[in-house]
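One-letter residues, chain by chain:
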Amino acid sequence: ICTYLFWNVHEPQPGQWDFSGNADFVAFIKACQEEGLHVLVRPGPYVCTEWEFGGFPGWVVADPETKVRTSDPKFLKPAMAYLEKVSSMLKPLQIENGGPVLMIQVENEYGSFGDDKKFLQAHVDAIRKGGITGPLFTADPPPALKNGTLPDITATVNFGGDARDAFKKYEELRPGQARMIGEFW
């Protein structure tokens, strides 16, 4: 199972967390485990997935000068606090801790938006600070792979159709590495 977490659902107002009812991703992941399924978690904070504002809570841009998906401290500070929070909740669910979570995604298709490696590294640092020790991955379409990846993080490729061309581009960026599809439309 591959599942997104939605920042705007879990923190509808600054510092007001909601992990109840349909927002209880821990219960969902445990249910996956009870069914014998493993889980890949895509916590964002940007998820896209045709979700309102890509999953960002509206309050994050209350100041119209805030630049999302950048190292702007007005965005980065609350976004990384969110990642640390959900990562701490995912920590006991990692496969190495007896849970079903195999991997955690770093951002989402960031290479289609930008190429700020420090921004991506901030995500990795927040996830690790939250206690995640297992494998991380990125997911980008072939033209954006170079921009959205970090050298020590597994890169996955998103595409629809033409798998040969997509994997050819992947092989150019990551020669000899195992191939993994992040999304296939």
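Our subject is the structure that appears above.
Visitor: Requested: an account of the overall build of the chain, with residues and values cited.
Guide: Scanning the chain from terminus to terminus reveals 5 helices and 6 strands. Order of helices (α) and strands (β) in the chain, N terminus to C terminus: β-α-α-β-α-β-α-β-β-α-β. The C-alpha radius of gyration of the chain comes to 16 Å, within 12% of the 16 Å expected for a compact globule of 185 residues. Taking the principal axes of its C-alpha atoms as reference, the chain extends roughly 45 × 45 × 30 Å. A total of 185 residues make up the chain; the buried ones form 50% of that total. For the chain, the share of sequence-separated contacts (at least 6 apart) that also reach a separation of at least 24 residues comes to 65%. If you sum the accessible surface of the chain, you get close to 9100 Å²; carbon and sulfur atoms cover 55% of it. In the chain, 18 positive and 24 negative side-chain charges are present, and the distance between their average locations comes to 6 Å.

Visitor: How would you sum up the layout of surface pockets? Please name residues and give values.
Guide: Where empty space is left can be seen by rolling a probe of water-molecule size over the atoms. For the largest pocket, the calculated volume is near 170 Å³. Forming the walls of the largest pocket are Thr3, Tyr4, Leu5, Phe6, Val9, His10, Asn22, Ala23, Asp24, Phe25 and Phe28. Going through the elements one at a time, strand S1 (2-4), helix H1 (7-10) and helix H2 (25-34) are the ones with two or more residues in the lining of the largest pocket. Partitioned by chemical class, the residues of the lining of the largest pocket number 7 nonpolar, 3 polar and 1 charged.

Visitor: Please give an account of the side chain of Gln105 that cites residues and values.
Guide: Its place among the elements puts Gln105 in strand S3 (residues 101-105). Of note is the side chain of Gln105, whose polar atom sits 2.7 Å from the backbone oxygen of Glu107. With residues up to four places along the chain from it excluded, the contact list for Gln105 reads Val41, Arg42, Pro43, Ile127, Phe137, Thr138 and Ala139.

Visitor: So what's going on with the packing of H2 against helix H3 (residues 73-90)? Residues and values would help.
Guide: The interhelical angle for the contact between H2 and H3, taken along N-to-C directions, is 35°, at an axis separation of 10 Å. Considering the relative orientation of H2 and H3, their crossing is right-handed. Residues Phe25, Val26 and Ile29 of H2 pack against Val86, Met89 and Leu90 of H3. Per-class residue counts for the contact of H2 with H3 are 6 nonpolar, no polar and no charged.

Visitor: Please provide a residue-by-residue account of the packing of H3 against helix H4 (residues 117-129), values included.
Guide: Relative placement of two packed helices is described by the angle separating their axes and the distance separating the axes. Contact geometry for H3 and H4: axes closest at 7 Å, N-to-C directions at 35°. Every pair of crossing elements has a handedness; the one defined by H3 and H4 is right-handed. Contacts between H3 and H4 involve Phe75, Leu76, Met80, Leu83, Glu84 and Ser87 on the former and, on the latter, Phe119, Ala122, His123, Ala126, Ile127 and Lys129. When grouped by side-chain class, the residues that make up the contact of H3 with H4 number 8 nonpolar, 2 polar and 2 charged.

Visitor: Which residues make up the environment of Asp162, and what values go with them?
Guide: Here Asp162 lies in the loop between strand S5 (154-159) and helix H5 (163-173). What makes Asp162 exposed here is its relative accessible area of 53%. Once the C-alpha coordinates of Asp162 and Val47 are considered, the two residues, 115 residues apart in sequence, prove to be 24 Å apart.

Visitor: I'd like to hear about the sheet that holds strand S4 (residues 136-140), residue by residue, with values.
Guide: The 6 strands are arranged S1-S2-S3-S4-S5-S6 in an open sheet whose pairing can be described as parallel. A single partner strand is all that each edge strand has here, and the edge strands are S1 and strand S6 (181-184). The mean inter-strand angle of the sheet, taken between neighbouring strand axes irrespective of direction, is 30°. Bridging between strand S2 (residues 39-42) and S3 involves 3 bridges; their strand directions are parallel.

Quick notes on the rules
Residues numbered from 1 in each chain as written. Predicted model: local features only at pLDDT ≥ 70, side-chain atom pairs only at ≥ 80, totals over all residues. Heavy atoms only, no water. Helix = DSSP H or I, 4+ residues; strand = E, 2+ residues; numbered from the N terminus. Rg over C-alpha atoms; globule rule 2.2 N^0.38 Å. Buried < 20%, exposed > 50% of the residue type's maximum accessible area, 1.4 Å probe, protein only. Contact = heavy atoms within 4.5 Å. Areas by Shrake-Rupley, 256 points an atom, 1.4 Å probe, with all protein chains shown as cover. Lys, Arg positive; Asp, Glu negative; His and termini not counted. Charge placed at Lys NZ, Arg CZ, Asp CG, Glu CD. 1 Å grid on protein atoms, 1.4 Å probe; cavity = no way out; pocket = protein on both sides within 12 Å on 5 of 7 lines; lining within 4 Å. Points joined across faces, edges and corners; volume = space filled by probe spheres on them. Nonpolar A, V, L, I, M, F, W, Y, C, P; charged D, E, K, R; others polar. Polar contact = N/O pair within 3.5 Å; in protein donor to acceptor, adjacent residues only side chain to side chain. Axes fitted to C-alpha atoms, helices over the stretch in contact; angles between N-to-C directions. Left-handed = near helix turned anticlockwise from the far one by under 90°. Pairing = 2+ DSSP bridges.

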